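Tertiary structure, described
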Amino acid sequence: MPHIVPITVGAAAGGLLYREHRIRANAERLSAATFETLLNAIDANDAVTGAHVRRVASYALVLGEAAGLDEKMLRSIERVALFHDVGKLHEALTDIFHDPAKLTPEERRAVRTHPLRGAEVLAPLSIFYPDLGKGVAAHHERWDGTGYPRGLKGKRIPLTARVVAIADSFDAITHRRRYSSARSFSEAVKAIAEGRGTQFDPELADLFLTPPMLAKIDKEMRRANSPQKKRQNRRQGANRPVPDITFRWRQRANGPRSRDRLP
Ligand SMILES: [Fe+2]
């Protein structure tokens with residue numbers, strides 16, 4: 001009889017711990033599913049932006065890892081990179097972004113609202129991810145304070161946004177846009193070097209420009225543009241790019257396999 005009480009208490013404590021673990025695991029899965037759903041919505045609306053944000057996320061993670069940032073910050077950077085352009089899907093902007101004509105000054109002003117529109121879209125998540133909306137809102141700020149929407153300067157710009165700004169610019173230069181054809185890797189490197197201390201955080205720009213970093217970015221870029229990747233894209237329909245980013249906190253066993261996806 002004297003052993004019954006401790007065993008019962010121990011079993012109850014174990015049960016509680018297990019239950020807590022299950023609740024946390026389910027919350028993490030729900031959060032990952034929420035982000036993946038939002039990413040699917042971006043793909044469905046604009047596959048070019050979907051592919052762009054994945055490349056930006058992959059470059060931003062390479063830079064963040066090289067800067068020695070911890071896992072929590074890397075996840076934060078990954079989320080900001082993946083959703084930095086979600087504001088472009090706003091109905092007030094989507095026609096402007098898809099219109100091949102040159103932007104009027106009024107349209108240019110409208111385009112500059114996309115960081116704040118993106119932060120508004122993500123606002124319901126701010127209670128769980130306070131850095132997300134702030135990073136998205138700040139991804140067009142510049143180190144010298146001449147960016148938008150708030151003209152933040154230097155380290156007042158969230159770190160997530162400073163990392164994403166470099167990755168975003170690099171991808172914008174190396175991939176074809178509405179008015180400009182894709183420029184070479186070395187031209188993109190030159191542009192990052194020229195923006196050091198004006199557009200970009202100088203320390204992060206210096207790190208980005210080191211030979212080992214450039215080799216990693218080159219590898220990521222080749223991976224994103226590989227024929228194998230393009231074949232996969234064709235198999236899933238031209239407008240459905242294969243995700244480059246695997247949500248690292250997601251248990252793959254619970255997600256749909258690629259062959260289960262709709263064409
Ligand atoms: Fe943007």
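This text gives an overview of the structure that appears in the document. (Residues numbered from 1 in each chain as written. Predicted model: local features only at pLDDT ≥ 70, side-chain atom pairs only at ≥ 80, totals over all residues. Heavy atoms only, no water.)

The next point concerns the overall build of the chain. If you tally the helices and strands in the chain, you get twelve helices and zero strands. For the chain, the succession of helices and strands along the chain, N to C, is α-α-α-α-α-α-α-α-α-α-α-α. By the burial criterion, 42% of the 263 residues in the chain qualify as buried. In the form shown here, the chain has an accessible surface area of approximately 15,100 Å², with 56% of it arising from carbon and sulfur atoms. (Helix = DSSP H or I, 4+ residues; strand = E, 2+ residues; numbered from the N terminus. Buried < 20%, exposed > 50% of the residue type's maximum accessible area, 1.4 Å probe, protein only. Areas by Shrake-Rupley, 256 points an atom, 1.4 Å probe, with all protein chains shown as cover.)

This part is about the coordination of the iron ion. At the metal site, the iron ion is ligated by Asp85 (OD), His114 (NE2), His139 (NE2) and His140 (NE2), and these contacts range over 2.3 to 2.4 Å. Note that the iron ion binds four donor atoms; their angles at the metal cover 87 to 177°, and the shape is irregular. Between consecutive donor residues of the iron ion, the sequence gaps follow D-x28-H-x24-H-H. Of this pair, aspartate 85 sits in the loop between helix H3 (71–83) and helix H4 (91–98) while histidine 140 sits in the loop between helix H7 (130–137) and helix H8 (159–174); the two residues are 55 residues apart in sequence, bridging distant segments of the chain. The buried category is assigned to aspartate 85, whose relative accessible area is 3%. When its relative accessible area of 24% is taken as the criterion, histidine 140 is described as partly exposed. (Donors = N, O, S within 2.8 Å, 3.2 Å for Na, K, Ca; no water. Tetrahedral: all angles 85-135°; square planar, octahedral: opposite > 155°, others 65-115°.)

Attention shifts here to the packing of aromatic side chains. Scanning the entire structure with this criterion turns up five aromatic pairs. Ring centres of phenylalanine 35 and phenylalanine 83 lie 5.6 Å apart, and the angle between their planes is 25°; this geometry places the pair in the stacked category. Of the two residues, phenylalanine 35 sits in helix H1 (residues 4–45) while phenylalanine 83 sits in helix H3, which places them 48 residues apart along the sequence. Accessibility expressed as a relative area gives 1% for phenylalanine 35, which makes it buried. Given a relative accessible area of 0%, phenylalanine 83 falls into the buried group. Of the aromatic side chains, those joined through ring pairs into one cluster are Tyr59, Phe170, Phe185 and Phe208. (Phe/Tyr/Trp six-rings, centres within 6.5 Å; stacked < 30°, edge-to-face > 60°.)

Packing of H3 against H8 brings their axes to within 9 Å, and their N-to-C directions diverge by 55°. Considering their axes alone, H3 and H8 lie oblique with respect to each other. The two elements H3 and H8 meet at a crossing, and its hand is right-handed. The residues of H8 that touch H3, namely those facing Met73, Ser76, Ile77, Val80 and Ala81, are Leu159, Thr160, Val163 and Val164. Its residues placed into classes, the contact of H3 with H8 shows seven nonpolar, two polar and no charged. (Axes fitted to C-alpha atoms, helices over the stretch in contact; angles between N-to-C directions. Parallel < 35°, antiparallel > 145°, perpendicular 65-115°, else oblique. Left-handed = near helix turned anticlockwise from the far one by under 90°. Contact = heavy atoms within 4.5 Å. Nonpolar A, V, L, I, M, F, W, Y, C, P; charged D, E, K, R; others polar.)

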